[in-house]
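The chain contents come next:
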Amino acid sequence: MNCPLCGGKFTGKVGSNQYFCWECCVEFTINNNKVVIYELGDDGNLLPYGEKKAAEGR
Ligand SMILES: [Zn+2]
């Protein structure tokens, strides 16, 4: 399973349909061939990718 973000191969499975990329430190899930990327927030919660930066910009 390659990372949808960086295309790297250093990914690990962390749950059913859930993976972690060691290259860019994001998690992503695959449901019905739809990939959703998450990143870890400062509080340890998973945020949809891009929202953390948007929140910091405020
Ligand atoms: Zn990656």
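See above for the structure.
Let us look at the structure shown here. As the structure is a computational prediction, the values presented were derived from the model and not from experiment. Each chain carries its own residue numbering, running from 1 in the written order of its sequence. Local features in this predicted model are restricted to residues whose pLDDT is 70 or higher, and side-chain atom pairs enter the listing and the counts only when it is 80 or higher, whereas totals over whole chains, interfaces and linings include all residues. Side-chain numbers come from the whole structure's heavy atoms, not from hydrogens or water.

Observations regarding the environment of lysine 34
A run of H or I in DSSP counts as a helix once it spans at least four residues, and a run of E counts as a strand once it spans at least two, with each numbered from the N terminus. Residue placement: lysine 34 occurs in strand β4 (residues 34–40). In this scheme, a residue with accessible area under 20% of its type's maximum is buried, one over 50% is exposed, and one in between is partly exposed, where area comes from a 1.4 Å probe on protein chains only. Using a relative accessible area of 55% as the deciding quantity, one classes lysine 34 as exposed. Put simply, lysine 34 and glutamate 56 are 22 residues apart on the chain and 27 Å apart in space, counted from C-alpha to C-alpha.

Section: the coordination of the zinc ion
Each metal's donors are the N, O and S atoms found within 2.8 Å of it, except that Na, K and Ca use a 3.2 Å limit; water is left out, so coordination can look incomplete. Protein-derived coordination of the zinc ion comes from Cys3 (SG), Cys6 (SG), Cys21 (SG) and Cys24 (SG), at a distance range of 2.1 to 2.3 Å. Square planar and octahedral sites, with four and six donors, are those where opposite donors lie more than 155 degrees apart and all other angles lie between 65 and 115, tetrahedral sites have four donors with every angle between 85 and 135 degrees, and the rest are irregular. Viewed at the metal, the four donor atoms of the zinc ion are separated by angles of 104 to 117°, and the geometry they form is tetrahedral. Coordination of the zinc ion draws on donor residues from a single chain, spaced C-x2-C-x14-C-x2-C in sequence. On the accessibility criterion, cysteine 21 (0% relative accessible area) is buried. According to the relative accessible area criterion, cysteine 24 is partly exposed, its value standing at 27%.

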